[in-house]
Amino acid sequence: MIYADNAATTKPSQKVIEAMVACLSEDYGNPSSVYTLGQRAAELLQNARERVAKNLGCDPSEITFTSGGSEADNQAIRTAAFLGAQKGKKHLISTPFEHHAVLHTLNKLEREGFEVTYLDVHENGLVTAEQVAQAIRPDTALVSIMFANNEIGTIQPVGEIGAVCREKGVLFHCDSVQAIGHVPVNVYDLKIDFLALSAHKFHGPKGVGVLYTKKGIRLQNLIEGGAQERGKRAGTENVPGIVGMAVAMDDAIANLDKQATYVAPLRDKLIDGLSKIPHSILNGDRTQRLPGNVNFCFEGIEGESLLLLLDNEGICASSGSACTSGSLDPSHVLLSIGRPPEIAHGSLRLTISEDTTHEEVDTLIKAVTEAVEYLRSISPVWRNLQEGKQDFIIQ
Ligand SMILES: *Cc1c(COP(=O)(O)O)cnc(C)c1O
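The notes below deal with the structure included here. No experiment lies behind these values; they were computed from the predicted model shown.

Taken together, 13 residues are adjacent to the ligand, and Ser70, Asp175, Gln178, Ser198 and Lys201 come closest. Here an oxygen atom of the ligand sits 2.8 Å away from a polar atom, N or O, in the main chain of glycine 69. With respect to the ligand, the side chain of glutamine 178 contributes an N or O atom lying 2.7 Å from an oxygen atom. A total of 390 Å² of accessible area belongs to the ligand in isolation, and the protein chains cover 87% of it. Broken down by element, the residue count for the shell around the ligand peaks at three residues, all from helix α3 (residues 69-86). Among the residues making up the shell around the ligand, the classes are represented as two nonpolar, eight polar and three charged.

Glancing now at helix α1 (residues 14-25). Counted at 1.5 Å a residue, the expected span for α1 with its 12 residues is 16 Å, and the 16 Å between its end C-alpha atoms agrees. Within α1 the residues assigned to the buried category are Val16, Met20 and Cys23. Seen end-on, α1 carries its buried residues on one side only, within an arc spanning 60°. Exposed side chains of α1 directed beyond 90 degrees from the buried face belong to Gln14 and Glu18. In this fold, the buried residues of α1 make contact with α2 (36-56) and α7 (239-254).

This next bit is on the side chain of serine 353. Its place among the elements puts serine 353 in the loop between β12 (347-351) and α12 (358-377). Looking at serine 353, its side chain comes within polar contact range of the main-chain nitrogen of aspartate 355, at 3.0 Å. Residue contacts for serine 353: discarding those within four places in its chain leaves Asn6, His203, Tyr262 and Val263.

The antiparallel open sheet is built from three strands, whose spatial order is β9-β10-β12. Strand pairing shows two members of the sheet lacking a second neighbour, β9 (280-282) and β12, which therefore form its edges. Across the sheet, the mean angle separating the axes of adjacent strands is 25° when strand polarity is ignored. The pairing of strand β10 (residues 293-298) with β12 spans five bridges and is classified as antiparallel. Opposite asparagine 293, over in β12, you have threonine 351 as the bridge partner.

It is worth spelling out the side chain of threonine 66 at this point. Inspection of the secondary structure assignment puts threonine 66 in strand β2 (residues 63-66). On the basis of relative accessible area, threonine 66 is assigned to the buried category, the value being 5%. Separated by 2.8 Å, the side chain of threonine 66 and the backbone oxygen of glycine 68 make a polar contact. Non-local contacts of threonine 66, meaning those with residues more than four positions away in its chain, are made with Glu71, Ala72, Gln75, Gly207, Val208, Gly209, Val210, Leu211 and Arg233.

This part is about the environment of glutamine 178. As for its position among the elements, glutamine 178 is in the loop between β6 (171-175) and β7 (194-198). Given a relative accessible area of 8%, glutamine 178 falls into the buried group. The contact partners of glutamine 178, leaving out residues within four places of it in the chain, are Ala7, Ala148, Asn149, Asn150, Lys201 and Leu290. Only 3.1 Å separates the side chain of glutamine 178 from the backbone oxygen of alanine 7, close enough to count as a polar contact.

What follows concerns the packing of aromatic side chains. Across all of its chains, the model carries two aromatic pairs by this definition. Between phenylalanine 296 and phenylalanine 298, the aromatic rings sit 5.8 Å apart at their centres with planes inclined by 5°, giving stacked as the arrangement. Here tryptophan 382 and phenylalanine 392 contribute two aromatic rings whose centre-to-centre distance is 5.6 Å and whose plane-to-plane angle is 70°, an arrangement assigned as edge-to-face. Here tryptophan 382 is found in helix α13 (residues 380-386), whereas its partner phenylalanine 392 is found in the segment after α13, with 10 residues between them in sequence. Residue classification places tryptophan 382 among the buried positions, given a relative accessible area of 13%. Lying across the ring of phenylalanine 114, lysine 90 places its NZ or CZ 4.9 Å from the centre.

Analysis parameters
- Sequence order sets the numbering: in each chain, residues are counted from 1 along the sequence as written.
- Only residues with pLDDT of 70 or above have their local features reported here, since the model is predicted, and side-chain atom pairs are shown and tallied only from 80 upward, although totals for entire chains, interfaces and linings are computed over all residues.
- By convention in this description, side-chain values take in all heavy atoms of the structure and omit both hydrogens and water.
- A cutoff of 4 Å decides nearness: a residue is near a molecule or strand if any of its heavy atoms lies inside that distance of it.
- Pairs of N or O atoms within 3.5 Å make up the polar contacts considered here, provided that, within protein, one atom can donate a hydrogen while the other can accept it, and that residues adjacent in sequence are counted only when both atoms are side-chain atoms.
- Note that accessible areas follow from Shrake-Rupley with a 1.4 Å probe, and for residues the cover is restricted to the protein chains shown.
- By the criteria applied, helices consist of DSSP H or I runs no shorter than four residues and strands consist of E runs no shorter than two, each listed in order from the N terminus.
- When residue character is reported, Ala, Val, Leu, Ile, Met, Phe, Trp, Tyr, Cys and Pro are called nonpolar, Asp, Glu, Lys and Arg charged, and the others, Gly included, polar.
- Multiply 1.5 Å by the residue count of a helix minus one, and that product is the helix's expected span.
- Burial classification: accessible surface area is computed with a 1.4 Å probe over protein chains only, and a residue below 20% of its type maximum counts as buried, one above 50% as exposed, and the rest as partly exposed.
- What the arc describes is the spread of directions from the helix axis to the C-beta atoms.
- Residue contacts follow a heavy-atom distance rule, with two residues in contact if any of their heavy atoms lie within 4.5 Å.
- Pairing between strands requires that DSSP locate at least two bridges from one strand to the other.
- Lines fitted to C-alpha atoms define the axes here, with helix axes fitted over just the stretch in contact, and angles between the N-to-C directions of these axes take values from 0 to 180 degrees.
- Pairing of aromatic side chains requires ring centres within 6.5 Å, counting the rings of Phe and Tyr and the six-membered ring of Trp. Pairs whose planes differ by under 30 degrees are stacked, by over 60 edge-to-face, and all others tilted.
- Ring-over charges, as used throughout, are those where CZ of Arg or NZ of Lys falls within 6 Å of the ring centre and within 35 degrees of the ring normal.

Printed below as a string of structure tokens:
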């Protein structure tokens, strides 16, 4: 099997699994309990908080453990909207290519009377700090722009956007779920006010993540109950998950250079190989992209059929985000960069990791090339294109 869907989730490392098993079997106390077993769990929690904070360049008091990236995104946006509304500020700025955890929260706020400006996206999958500066109004409460896109891998100019927001006194939330462990991220340098991350995107466990909130910002609860997480996120802490996340994060950050020196060149090899397929196009900027992300559109094929053929070859790939697979709507991300729906339907995302080998990339190139050829050989659309009855969109 070749696992090439690391943007959907990653394989937990052996180190992570061992740390979690030890925690589950021995350190099972409730961190709120006063006896030694409970206090041992509380220590593990505090230790994990300190390590996560160090990796982000912030203070441990600015870390809130959540059930993952989606919850962190929801809580950040809800908090900023609440704080803005208190001052009569009900305008929000974002992009149309955000993760649904952000987009659907914004849609809900729109129905609650907020106004959202979605910035126009350049064909390369990037927005600029100038666009943000121009969109900010006196009543803007929040700018929410993701660090790196989960489908096309583009990396936004986060430092420049953070500087604009800080200068104008507007809160900045950065969904950094795809960036953490793949590119360097320091919340102070980048002037980020809220940051969401998720352990299962960097070889940690599922169902655990972090919301970083800059000191001085009063978080609003999504979940009411006990006093865990300084009263901002009720519920007995997922201690094994949090311990596993800290181990995974330490490992990912310690090996960041591998992303640039090993994964990125492997990605480029994969891009070069797939570019040779006629009437194909890379989605997202060639260089401003995540080290492991490859995303193509192939004219005249259905992405879903391609995935099934690849699955037969033991290849795990995606046509977009895992969250939208199964629906027949074309990817909102590909539409946002101007791909027509019929082209967006023929997309393939391959996301590799430091575990991917050169041989696997050779196999991927061969398998995708053959599968696209086969699908085109049985496609009526492709025949029309060949016979000139229909014009190619991808040259
Ligand atoms: C995976 C992902 C999320 C959601 O994280 P979960 O932990 O799965 O809830 C949010 N944003 C981005 C960019 C993601 O890739």
